[in-house]
Amino acid sequence: MKRWTIQKHSHDEVKLLANALKVSPIVAALLISRGYETEEKAHQFLNPSIEHLHEPYLLKDMKTAVNRILKAIENDEKILVWGDYDVDGTTGTVVLRKALEILGAKSIFHVPHRFTEGYGINIPELEKAKERGCSLVVSVDCGIRSFEPLNWAKENGLDVIVTDHHLPDESNGNPPALAVVNPNQPDCEYPDKNLAGVGVAFKLVHALLREKGKENLVKGFLKVVAIGTIADVMKLTGENRAIVSLGLKDLPKAVNYGLKALMEVADCTGEMSSYDIGFRIAPRINAAGRMDAARHVVELLETTDFDEARSIAEMLNSRNRERQKIQQEITALAFLETKEITSKNFIVVAGEGWHRGVIGLAASKIAEKLYRPTIVLSLENGIAHGSARSIAGYHLLNGLDSCSELFEQYGGHAAAAGMKIRRENIEQLQKKMNDHATANLSADDLIPELKIDAVISSNTLNLDLVQELKRFEPFGMGNSKPRFLTKDLFLTGEPYVMKEKHLKLKLADKDGKQFEAVWWDGVDKSGEQTLKPKTRIELAYTTDANTWNGNTRLQLVVEDLKTGN
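1. Digging into the side chain of Ser378
Then, in step 1: Relative to the assigned elements, Ser378 resides in strand β8 (residues 374-380).
Then, in step 2: Of the polar contacts made by the side chain of Ser378, one reaches the backbone oxygen of Trp354; its length is 2.5 Å.
Then, in step 3: Those residues in contact with Ser378, other than ones at most four positions away along the chain, are Gly351, Gly353, Trp354, Arg356, Ile359, Ile383, Ala384 and His385.

Now the structure itself:
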């Protein structure tokens, strides 16, 4: 069962905004509750445009970075672009490399291997880059905490420009780079702190293209920037909303062979939504870094041969299927381990040789289902690599800081983290993390909260509403799909079970108006509740248009429900 929190609305404010914008009261109420309470703010939110992108030179060190790259192009220097192995890093690498190519630069790239090299910049690969004649390195989505490698670069005559969005080290500040372009560094006055790594790389690209009179090409980069931004689960508000909205509109018109091949294998035809990116495109890109080498993503998006694009896309598709299978196996094994510790407020589970590419996904599943912060560890030769995921009320990094002496290394933020720990310290880790969580979480914090945007009557429910809500897209972090509550609905028949785990519900209101609802994983989520004909229901849901055999019908997607008499 979840804790329902229902948003309250001022009838007068809603009426005023609805009249001013000529929208329905529901749309006006949603705008106000999301912080777009003035006509100007609401208008900007409902009409994302290229004008909403901020001036790139507002980013600290941007001028230094641009001048150094233009100098490298002029002097025919070789540039190394160093990207991270996730979707954010690989898409950012592609975006920066494409701009450098347009400007006539010579560049090579490196994306580290998740298992053999790990995260961030490392000295051995910098040495190789220097041997290959590189004199400038530009990082994408990493580097803000790479002190040792950047000291080495400085001592060995390699200039480094860091572009990143991760938080800098509080006590040590920035690493010794020629320039650091990161909206989240101290003294950076950039108005939007929510850019993804690919977004920061894109700002650099924007400034570079403008300097060379090619600003008209900027919009064409947004397709790939949108993919990285959604995949990195960044807030889809402010500048990111404009980036993603414009990028999604452009995606069906993509001419890039790699993008086309990827959309083909992911079965994405026609209009694209943030859902298509998050659940179809991004997992296939991410599978490269999780199961194998992430450099394949850069190769896919840079190839000029459609047959090669198709074969890399097929390979990513099969890697993703492999990832799904292994993830299911590891998650099932991890759940078995939790049976012993269900009374705890923090879950730590470990298994011998569990695939390190999927332990983060397993941690997410456990944290979501048991609603406890969770660490999943993979043991190999006495050392465990772990991935952690949190819940809404708990700051994960603070928890790890409270027992930092147990780790070989660790890092992360409030919601997710990674670590390396010796086998003999795991028992202590379970105890200390549980103590910390118990001290910092209330009983309410351990019950998932379901935020409901508005209570609406069944007679407002139709396809027109779904159409109106499209204006709120793209949905994602910071701009979730509107969630409604409707009372006094009745089950008109037994729930229909699909694939042994999902439920289809037939409902009606007291006037006999019929509705169809689907509850993904409903068999599991309905728990103890008895769902039989004539049961009265309070339904928390989102709305969807479901097209089948050429017919489009309203579908309610169940988030939770409460049964009455």
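2. What about the pairing of strand β11 (residues 416-422)?
Then, in step 1: Direction of pairing for strand β9 (residues 383-389) relative to β11: antiparallel, over a ladder of seven bridges. What sits directly across from His385, in β11, is Lys420.
Then, in step 2: Inspection of the sheet shows strand β10 (residues 407-412) paired to β11 by five bridges, in the antiparallel sense. In the strand pairing of β11, Gly412 is matched with Ala417.
Then, in step 3: Taken together, β10 and the strand that follows it, β11, pair antiparallel across an intervening segment of three residues.

3. Some points on helix α6 (residues 123-131)
Then, in step 1: Glu125, Leu126 and Ala129 are the residues of α6 that are buried. On an axial view of α6, the arc spanned by its buried residues comes to 105°, and they lie on one face.
Then, in step 2: Capping the start of α6 is the job of one residue whose side-chain oxygen sits 3.0 Å from the backbone nitrogen of Glu125: Asn122.
Then, in step 3: Note on α6: the residue one or two positions beyond its end, Gly133, has a positive phi of about 95°.

4. A short note on the sheet that holds β11
Then, in step 1: Taking strand neighbours across the sheet as the criterion, the five strands line up as β7-β8-β9-β11-β10 in an open arrangement whose pairing is mixed. The open sheet terminates on both sides in strands that have one partner only, identified here as β7 (347-352) and β10. In this sheet, neighbouring strand axes are inclined to one another by 15° on average, regardless of whether the strands run parallel or antiparallel.
Then, in step 2: Bridge count between β7 and β8: six bridges; the pairing is parallel. Within β8, the residue paired with Gly351 across the bridge is Ser378.
Then, in step 3: Most of the contacts of helix α17 (residues 426-440) go to β7, to which it runs at about 160°, and overall it touches β7, β8, β9, β10 and β11.

5. A look at the sheet that holds strand β4 (residues 134-140)
Then, in step 1: Ordered by their spatial adjacency, five strands build an open sheet running β3-β2-β4-β5-β6, and the pairing between neighbours is parallel. In this open sheet, the two strands that pair with only one neighbour each are β3 (106-110) and β6 (179-181). Each adjacent strand pair in this sheet contributes to an overall mean axis angle of 20°, direction not counted.
Then, in step 2: Two strands pair when backbone bridges link them, and strand β5 (residues 159-163) and β6 are joined in this way by three bridges, in the parallel orientation. Residue pairing in the sheet places Ile161 in a bridge with Ala179 of β6.

Basis of the calculations
Residues numbered from 1 in each chain as written. Predicted model: local features only at pLDDT ≥ 70, side-chain atom pairs only at ≥ 80, totals over all residues. Heavy atoms only, no water. Helix = DSSP H or I, 4+ residues; strand = E, 2+ residues; numbered from the N terminus. Polar contact = N/O pair within 3.5 Å; in protein donor to acceptor, adjacent residues only side chain to side chain. Contact = heavy atoms within 4.5 Å. Pairing = 2+ DSSP bridges. Buried < 20%, exposed > 50% of the residue type's maximum accessible area, 1.4 Å probe, protein only. Arc of directions from axis to C-beta. Axes fitted to C-alpha atoms, helices over the stretch in contact; angles between N-to-C directions.

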